[in-house]
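Structural overview for review
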Amino acid sequence: FDPYAHKIFAGAASDWHSSATVFVNGIGQALGVVKTDVLSIDLIAPYVGEVEFDGAKPAQAIEDMLQLEGPRKFTEQVIDALAHRLGDQLDPVLKIPSPAQMYRLAGCGEPPSFDDLDDVGIGLSNLLREFSSKTVAGVLVSTSEMVSTDEAEALESVIGAAQHYAWRVALSLDSPT
C-alpha cells in the first residue's frame, strides 16, 4: 500500500519518509480509492537513509540508527495525523524487519551471530516502546527468509513489548526482491 500511495498519490516525492504531511496526504488519498481496515506503517524506512553502514560494526550501526530522533518524530507525527484524520476507521500497525532482515537491509553479507540478532531485537523492542502512548493496533515483523531458531529467540523482546501494550503481532514472509 505504501509504495502504491507514494508513487501514484505523492508523485514519488523525495520527502515521503521525512514529511508527515506529504506521507499522510498521500495515504489519505490512496485510502479514498483502496479501502482498508489495517494500515502498516514501515517504521524503519525513515531511518534507513539516515545512516551509513560502511566500515561500522553492523549491530552497533543498527543500534545507533534506531536511536535517531528525526525518524522517530516523523513516525509519531504520522500516527497522530492518521488518528486525527481517520479516527477509529483504521488500525495502524507498525511494520519492522526481523533482526536478520535488518542485517540484510544493512548490506551485511555475513550471517549475524545470536548475540548480534539479540542486540538488534532489543533495539527494535526499545524503538517500539517509544510509540507506547500512540494509537497502534499491532506489529508486523517482515522478513524475506525463514526465521531461524536464534532469530525467533531474538524476537522474544519484540513480541514481549507488543504483548505488554496489547498489540497484535504478525509475521510477513515477503519476497526477497
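Residues numbered from 1 in each chain as written. Predicted model: local features only at pLDDT ≥ 70, side-chain atom pairs only at ≥ 80, totals over all residues. Heavy atoms only, no water.

Brief notes about the overall build of the protein
- Each helix and strand counted, the protein has nine helices and four strands in total.
- Ordered by position in the sequence, the α and β elements of the protein form the string α-α-β-α-α-α-β-α-α-β-α-α-β.
- The C-alpha atoms of the protein give a radius of gyration of 16 Å, which matches the 16 Å a tight globule of 177 residues would have.
- Judged by the C-alpha coordinates and their principal axes, the protein covers about 45 × 35 × 30 Å.
- Burial statistics for the protein: of 177 residues in total, 42% are counted as buried.
- In the protein, of all internal contacts separated by at least 6 residues, the share reaching a separation of at least 24 is 78%.
- Surface accessibility of the protein: about 9200 Å² in total, with carbon and sulfur atoms responsible for 49%. (Helix = DSSP H or I, 4+ residues; strand = E, 2+ residues; numbered from the N terminus. Rg over C-alpha atoms; globule rule 2.2 N^0.38 Å. Buried < 20%, exposed > 50% of the residue type's maximum accessible area, 1.4 Å probe, protein only. Contact = heavy atoms within 4.5 Å. Areas by Shrake-Rupley, 256 points an atom, 1.4 Å probe, with all protein chains shown as cover.)

What to know about empty space enclosed by the protein
- For the structure shown, the criterion picks out two cavities of 30 Å³ or more.
- As a volume, the largest cavity reaches approximately 50 Å³.
- Forming the walls of the largest cavity are I79, L82, A83, L86, G87, L90, P92 and T135.
- No other element matches helix 5 (residues 69-86), which puts four residues into the lining of the largest cavity.
- A class-by-class count of the residues in the lining of the largest cavity yields six nonpolar, two polar and no charged. (1 Å grid on protein atoms, 1.4 Å probe; cavity = no way out; pocket = protein on both sides within 12 Å on 5 of 7 lines; lining within 4 Å. Points joined across faces, edges and corners; volume = space filled by probe spheres on them. Nonpolar A, V, L, I, M, F, W, Y, C, P; charged D, E, K, R; others polar.)

Describing the pairing of strand 1 (residues 38-42)
- The two faces of strand 1 differ: L39 and I41 on one face are buried, but V38, S40 and D42 on the other face are not.
- For strand 1 and strand 2 (residues 91-97), the ladder comprises five bridges, and the chain directions are parallel. Pairing of S40 across the sheet is with V93, part of strand 2. (Pairing = 2+ DSSP bridges.)

Observations concerning the layout of surface pockets
- For the largest pocket, the calculated volume is near 510 Å³.
- In terms of lining residues, the largest pocket is bounded by 22 residues, among which P3, D42, K95, S142 and D174 are the most central.
- Elements with a minimum of two residues in the lining of the largest pocket: helix 1 (2-9), strand 1, helix 3 (45-48), strand 2, helix 6 (99-105) and strand 3 (138-143).
- Along the lines of polarity and charge, the residues of the lining of the largest pocket split into ten nonpolar, eight polar and four charged.

Focus: the sheet that holds strand 1
- The four strands lie next to each other as 1-2-3-4, forming an open sheet whose pairing is parallel. Each end of this open sheet is capped by a strand with a single partner; those strands are strand 1 and strand 4 (168-173). For this sheet, the mean angle separating the axes of adjacent strands, direction not counted, is 30°.
- This element, helix 5, spans strand 1 and strand 2 of the sheet and lies at about 165° to strand 1.
- Here helix 9 (residues 156-164) sits on the sheet and contacts strand 2, strand 3 and strand 4; the angle it forms with strand 3, its principal contact strand, is near 160°. (Axes fitted to C-alpha atoms, helices over the stretch in contact; angles between N-to-C directions.)

Points about helix 7 (residues 114-129)
- Over its 16 residues, helix 7 runs 22 Å from end to end, which matches the ideal 22 Å to within 8%, given 1.5 Å per residue.
- Inspection of helix 7 places D116, L117, V120, G121, G123, L124, S125, L127 and L128 among the buried residues, and these make up the whole buried set. (Expected span 1.5 Å × (residues − 1).)

Describing the packing of helix 4 (residues 58-66) against helix 7
- In contact at an axis separation of 10 Å, helix 4 and helix 7 are set at 0° when each is read in the N-to-C sense. Viewed along their axes, helix 4 and helix 7 adopt a mutual orientation that is roughly parallel. Between helix 4 and helix 7, the residues in contact are A59, I62, E63 and L66 and D116, D119, V120, G123, L124 and L127, respectively.
- In terms of residue class, the contact of helix 4 with helix 7 is made up of six nonpolar, one polar and three charged. (Parallel < 35°, antiparallel > 145°, perpendicular 65-115°, else oblique.)

Functional significance is not addressed by these values, which are geometric in nature.
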